[in-house]
Amino acid sequence: MADLLPVPELVERILATVSPLPDFPQPLMDALGLALAEDVVAPISLPSFDNSSMDGYAVSHADVVTATEESPVHLPVVGEIGAGRSGLMAMSPGTAVKIMTGAPVPRGCTAVVPYEWTDRGVAQVRITRAPSDGQHIRRAGDDVAEGDMLLEHGTVLGPRHLGLLAAVGRATVRCRPRPRVVVLSTGSELRDPGTPLGRDSIYDGNSYLLAASARAAGAIAYRVGIVPDDPRTFTDALSDQLVRADLVVTSGGVSEGDYDVVKEALRSLGTVWFGGVAMQPGKPQGFGTIGDDNTPIFTLPGNPVSSYVSFETFVLPAIRRMMGKLPYSRPVRRARLTHPVSSPAGKRQFVRVLYDVDRGGAFVTPVGGHGSHLLGDLAAANALVVVPEDATSISAGEMVQVLLLDEDF
Ligand SMILES: Nc1nc2c(c(=O)[nH]1)N[C@H]1C(S)=C(S)[C@@H](COP(=O)(O)OP(=O)(O)OC[C@H]3O[C@@H](n4cnc5c(N)ncnc54)[C@H](O)[C@@H]3O)O[C@H]1N2
Ligand code: MOO
C-alpha cells in the first residue's frame, strides 16, 4: 500500500495549487451565496431618523400623561405626516399631528398615540389612554449605528445579509465570483439520456452527477458531456473548453485499462499527476494544471460512486477555496452506527449511509453494498461514514465520523 497517496496529502497539494479567484464589486442579487471579500461597516444608521412605529398621533408626552377612558384629553390636530414625507419638521406643545408608521417624528414629539387609543378625530382628537414617555418612537441608530461592523470578510451572503446591505444603501459588495467548472465525461460506451441505448452502451450519468455537484457547491457548471475514448478528440475538446474554465473535471479513463484516454492524453504534458490514493472508492486519481493559465484539472475515476466521492473529497474543497468559503472541506459530524461495517486496511473508506435524528440522537444506517457502480444506493443515501485508514471494521453502536451530503456549510 506504500505507493498509495494518503487522502490528506492530495487535499493539501490541491489547496496549495488552487488560488482564491480575484474579487470584484458585484450587484447584490448576484452576491447571494458568495463569500464577502471585504469588511462591511455601516455607512448610515438604522433607523436613519427617529420615526413612528404606529399609525396615530404625534404628541408631547406631558400633554397626554393623564389621559384615561374616564378623563380623556382633547388636542387640536394641526397637521399630518405620511411615510416618505418630511414636510412638518416641528410641532408645538398642546397640539397633535397625525403620523403614519415609518414617518419621521417632528421635533417636539415625545410619544405617539396609536389610533386605537383615540376617536381618530380629524380636527380634534380625543385621547383615552396615555403612552409612556417615548413610546412608539423608533430612535435613530437603535438597530444599527453608523460605523458599526455589519458583516465580516468571509461571510457567505444569504437573504438576510443582502436585506441588511440594501437597507444601509449598498448596491454592490466585493465578493469572489463563482468558478466556472467544465465537466467532461470520457468513454466510447457512453450515450446521452434521451437517446437510444445499444446493448453495449450506458447512459452518461457522471457528467450530470458531477456538473450538478459543482453547481450545488456554488460553481457555474458547464456540462460538456461525452468525449469518446480517443486522445486526440479528448485533447481538442479540452483545449476548446479551456477558454471558459477556471477548473476542469473529467470522469473515466484513469485506471489501468487499454483505452484510458485521459491518462494517455495528459501524461505527456508532465503537469498532471496520476496515481492511486488510499481511499475506497476512488483509488485512481489525477490532479494537475493545464494550459497557459495553469487551469486546475481533476481527472476522476469513471465508476459513478467513485466519481462522486472523489468530487466530495477533492473538487469541493478546491471550488470553496476559489470562492473564499471556509471551511474548505465538508465538516465532520458524529452519529451512532446501527449496523457493523468492514473496511480495507490502509484505506479511508467512505460508506453510503442514511442519516437520521430521533430523540435518542443521530444514527446512521448503511445503504447497499460497497460496489462503486451502485448508483441506486448512492441516490438513496444522504451521508457518508468515513472509516479511518487504520480501522478494518466498526461495530454496531459505535460513534462514527459522518459527512452530511446535503448540509449547507
Ligand atoms: N486492472 C485494474 N482495473 C481497474 C482498477 C485497477 O486498479 N486495476 N481500478 C478500478 C477502479 S477502483 C476504478 S474506480 C475504475 C476507474 O476506471 P476509469 O476511471 O478508467 O473509468 P472507466 O474505465 O472509463 O469506467 C469505469 C466504469 O464506470 C463507468 N462509467 C464511466 N464513465 C461513466 C459515465 N459518464 N456515466 C456512467 N458510468 C460511467 C464505465 O462504464 C465503467 O463501468 O477502474 C477499475 N478497474
Ligand atoms: O476506487 Mo474505485 O474508485 O473503487 O471504484
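Residues numbered from 1 in each chain as written. Chains lettered and ligands numbered in written order. Predicted model: local features only at pLDDT ≥ 70, side-chain atom pairs only at ≥ 80, totals over all residues.

Another point: the site of ligand 1. Around ligand 1 sit 26 residues in total, of which Asn206, Gly252, Ser255, Pro301 and Gly302 are the nearest. Of all the secondary structure elements, the ones that give two or more residues to the shell around ligand 1 are helix 4 (206-216) and helix 7 (304-323). Looking at side-chain class alone, the shell around ligand 1 contains seven nonpolar, 14 polar and five charged residues. (Near = placed C-beta within 6 Å. Helix = DSSP H or I, 4+ residues; strand = E, 2+ residues; numbered from the N terminus. Nonpolar A, V, L, I, M, F, W, Y, C, P; charged D, E, K, R; others polar.)

The next thing to look at is the UniProt feature "domain: MoaB/Mog" (unreviewed entry) in the protein chain. Here, the residues flagged by UniProt with the feature "domain: MoaB/Mog" (unreviewed entry) are residues 182-321. Segment residues 182-321 splits into 34% helix and 30% strand. End C-alpha atoms: 17 Å apart. (UniProt positions renumbered as here; feature names shortened; annotations may be inferred.)

Right, let's talk about the packing of helix 4 against helix 7 for a bit. Where helix 4 contacts helix 7, the axes come no closer than 10 Å and their chain directions differ by 25 degrees. With respect to helix 7, the axis of helix 4 lies roughly parallel. In this structure, helix 4 meets helix 7 at a crossing whose hand is right-handed. Within the contact between the two elements, helix 4 uses Asn206, Leu209, Leu210, Ser213 and Ala214 and helix 7 uses Pro304, Ser307, Tyr308, Phe311 and Ile319. Its residues assigned to classes, the contact of helix 4 with helix 7 shows seven nonpolar, three polar and no charged. (Axes fitted to C-alpha atoms, helices over the stretch in contact; angles between N-to-C directions. Parallel < 35°, antiparallel > 145°, perpendicular 65-115°, else oblique. Left-handed = near helix turned anticlockwise from the far one by under 90°. Contact = placed C-beta atoms within 7 Å.)

Take the packing of helix 1 (residues 7-17) against helix 7 next. The N-to-C vectors of helix 1 and helix 7 enclose an angle of 30 degrees; their axes lie 10 Å apart at closest approach. Our classification of the angle between helix 1 and helix 7 gives roughly parallel. Regarding helix 1 and helix 7, the two cross each other, and that crossing is right-handed. Between helix 1, through Val7, Leu10, Val11, Ile14 and Leu15, and helix 7, the contact on the second element is made entirely by Thr313, Phe314, Pro317, Ala318 and Arg321. Residue composition of the contact of helix 1 with helix 7, grouped by class: eight nonpolar, one polar and one charged.

What follows deals with the sheet that holds strand 12 (residues 180-186). Here we have six strands laid out as an open sheet, ordered 15-12-16-20-19-17, and mixed in their pairing. Both edges of this open sheet fall to strand 15 (220-227) and strand 17 (272-276), since each of them pairs with a single strand only. Direction aside, the axes of adjacent strands within the sheet are offset by 15 degrees on average. Alignment of strand 16 (residues 247-251) against strand 20 (residues 295-300), held across four bridges, turns out to be parallel. Across the sheet, the residue bridging to Val249 is Phe298, located in strand 20. Strand contacts of helix 5 (residues 231-241): strand 12, strand 15 and strand 16, with the helix running at about 160 degrees to strand 15, the strand carrying the most contacts. (Pairing = 2+ DSSP bridges.)

Gln280, Pro281, Gly282, Lys283, Pro301, Asn303, Ser306 and Ser372 make up every residue found near ligand 2. Of the residues belonging to the shell around ligand 2, the class tally is two nonpolar, five polar and one charged.

According to the domain assignment, the protein chain contains domain 1 (7-22 + 177-323), domain 2 (25-45 + 144-175), domain 3 (51-138) and domain 4 (333-404). Its C-alpha centre places domain 1 at a distance of 34 Å from the equivalent point of domain 2. (Domains from an automatic or database assignment.)

Another aspect to go through is the sheet that holds strand 6 (residues 96-99). Pairing is mixed across the open sheet formed by five strands, whose spatial order is 7-4-6-5-8. Two strands in the sheet have a free side with no partner beyond their single neighbour: strand 7 (111-114) and strand 8 (124-127). Each adjacent strand pair in this sheet contributes to an overall mean axis angle of 40 degrees, direction not counted. Of the pairings in the sheet, the one linking strand 5 (residues 73-81) to strand 6 comprises four bridges and is parallel in character. Residue pairing for strand 6: Glu80 is matched across the bridge by Lys98.

Soluble globular proteins tend to pack their nonpolar side chains together in the buried interior. Counting 78 residues, the largest nonpolar core has Ala214, Val249, Ile319 and Val385 as its most contacted members. The element that contributes the greatest number of residues to this core is helix 7, accounting for eleven residues. In this structure, Ala58, Val59, Leu75 and Cys109 belong to the second largest nonpolar core, which totals 23 residues. (Core = buried A, V, L, I, M, F, W, Y, C linked by C-beta atoms within 7 Å. Buried ≥ 20, exposed ≤ 12 C-beta atoms within 10 Å, placed from the backbone.)

Moving on: the pairing of strand 16. Here strand 16 lies mainly inside the structure; five of its five residues are buried. Alternating positions in strand 16 separate into two faces, Leu247, Val249 and Ser251 on one and Val248 and Thr250 on the other, with burial throughout. Strand direction decides the pairing type here: strand 12 and strand 16, joined by five bridges, are parallel. Bridge pairing links Val182 to Val248 in strand 16.

Regarding helix 5, the residues found buried are Phe234, Ala237 and Leu238. With its buried residues spanning 100 degrees around the axis, helix 5 presents them on a single face. Exposed residues pointing more than 90 degrees away from the buried face of helix 5 are listed as Arg232, Ser239 and Asp240. Those residues of helix 5 that are buried lie in contact with strand 12, strand 15, strand 16 and helix 6 (261-267). (Arc of directions from axis to C-beta.)

In this section: the environment of Arg333. Position of Arg333 relative to the elements: it lies in strand 21 (residues 333-337). With 52 residues separating them in the primary sequence, Arg333 and Val385 have C-alpha atoms 9.4 Å apart. Leaving out residues up to four positions away in the same chain, Arg333 has contacts with Val402 and Leu404.

Our next topic: the confidence of the model for the protein chain. Here the protein chain shows a mean pLDDT of 95. Residues at 70 or above account for 99%. As a predicted assembly, this complex carries a pTM of 0.92 together with an ipTM value of 0.96. (pLDDT = per-residue confidence, 0-100.)

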